[in-house]
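Spelled out, the chains give:
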Amino acid sequence: RRVLFRSYFHKQCKAQVSKGQKIISSRIINELPWQLAQAKEYKRLKTYFKNFIFLNLIIKNNEIDAITYWRQLNSHFTMSEEFVSSLKIDSNFNYEEPMEMSDKLFTVSAFLLLVATHEVAEVFLRFVLKFDEQNIGMNSVNVVRDLSSLALELYRMDRRMEADDVHDRVIDILRAST
């Protein structure tokens, strides 16, 4: 019976992703990761976690479950910078709704700050920062949010000089906007 469930969800999700559909049913979000974790099919679960749309929806649906799945994956794989670089995100950065995409990226970065190594979180925060600078503007509120998160992460990593430079940029942007 488990095989049928996994097969059904896998086919549904694969079909939607291959068609470029961004809507994944709530049933897939709620049940597929659980089914894969129960069956100890961590390679397949990792594949779905590498899909940015799927990962974002899992986090928004139930962050505690997402953390649990991440930890299960981390016990079987090293979830490293390679994971962040392999997230399936369009690299051309031409989105119709950059603010919406920025929020989705930040949701994932906040999740990574909770569960990932500092290095993984830093790589993704820099990716989000680059996206926001290119699509929303160098002095936008989103850039301030990204820079603040990056500065805090750098402080946690004991890279004070670099963190101070990032924090100074935040202050400059805030001063310029008042």
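Check the entry above for the structure.
Not measured: the values here are computed from a predicted model.

Enquirer: Looking at this structure, how should I read the pattern of salt bridges?
Expert: A side chain of one charge can pair with a side chain of the opposite charge when the charged atoms of the two come close. Evaluated as defined, the whole model comprises 11 salt bridges. Here R126 makes a salt bridge to E122, at a shortest N to O gap of 3.0 Å. Of this pair, R126 and E122 both sit in helix α8 (residues 118-135), 4 residues apart, which is roughly one turn of that helix. With a closest N to O distance of 2.8 Å, E122 and R159 form a salt bridge. Of this pair, E122 sits in helix α8 while R159 sits in the loop between α9 (141-156) and α10 (160-177), placing them 37 residues apart in sequence. What you see here is one network of salt bridges that share partners, running through D103, D132, R145 and D146.

Enquirer: Would you mind showing me how to read helix α5 (residues 63-76) here?
Expert: Turn by turn, an α-helix covers 3.6 residues, leaving residues three or four places apart pointing in a common direction. The end-to-end C-alpha separation of α5 is 20 Å, in line with the 20 Å expected for 14 residues at 1.5 Å each. Where α5 is concerned, the buried positions are A66, I67, Y69, W70 and L73. One side of α5 carries all its buried residues, which in axial view fall inside an arc of 165 degrees. For α5, exposure combined with an orientation more than 90 degrees from the buried face picks out I64, R71 and S75. Put simply, N62 is the residue that caps the front of α5, since its side-chain oxygen is 3.2 Å from the backbone nitrogen of I64.

Enquirer: Would you mind showing me how to read the environment of Q72 here?
Expert: Among the secondary structure elements, Q72 is positioned in helix α5. Put simply, Q72 and A37 are 35 residues apart on the chain and 7.9 Å apart in space, counted from C-alpha to C-alpha. Those residues in contact with Q72 that sit more than four places away from it in its chain are A37 and Y42.

Enquirer: Please explain the packing of helix α7 (residues 98-115) against α8 as it appears in this structure.
Expert: Close contact between α7 and α8 brings their axes to 9 Å; oriented N to C, the two are set at 165 degrees. In terms of axis orientation, α7 runs roughly antiparallel to α8. Our pair here, α7 against α8, has a crossing hand that is left-handed. Contacts between α7 and α8 pair P98, M101, S102, L105, F106, V108, S109, L112 and L113 from the former with V120, A121, F124, L125, F127, V128, F131, D132 and N135 from the latter. Tallied by class, residues from the contact of α7 with α8 come to 14 nonpolar, 3 polar and 1 charged.

Enquirer: I keep staring at the packing of α5 against α7 and nothing clicks. Help me out?
Expert: Axes are the key here: two packed helices are described by the angle between their axes and the distance separating the axes. Between α5 and α7, the shortest axis-to-axis distance is 11 Å and the interhelical angle comes to 55 degrees. Considered as vectors, α5 and α7 are oriented oblique to each other. Handedness of the α5/α7 crossing: right-handed. Note on element contacts: α7 touches α5 through F111, L112, L114 and V115, opposite E63, A66, I67 and W70. Residues of the contact of α5 with α7, tallied by class, amount to 7 nonpolar, no polar and 1 charged.

Definitions and cut-offs
Residues numbered from 1 in each chain as written. Predicted model: local features only at pLDDT ≥ 70, side-chain atom pairs only at ≥ 80, totals over all residues. Heavy atoms only, no water. Salt bridge = Lys/Arg side-chain N within 4 Å of Asp/Glu carboxyl O. Helix = DSSP H or I, 4+ residues; strand = E, 2+ residues; numbered from the N terminus. Expected span 1.5 Å × (residues − 1). Buried < 20%, exposed > 50% of the residue type's maximum accessible area, 1.4 Å probe, protein only. Arc of directions from axis to C-beta. Polar contact = N/O pair within 3.5 Å; in protein donor to acceptor, adjacent residues only side chain to side chain. Contact = heavy atoms within 4.5 Å. Axes fitted to C-alpha atoms, helices over the stretch in contact; angles between N-to-C directions. Parallel < 35°, antiparallel > 145°, perpendicular 65-115°, else oblique. Left-handed = near helix turned anticlockwise from the far one by under 90°. Nonpolar A, V, L, I, M, F, W, Y, C, P; charged D, E, K, R; others polar.

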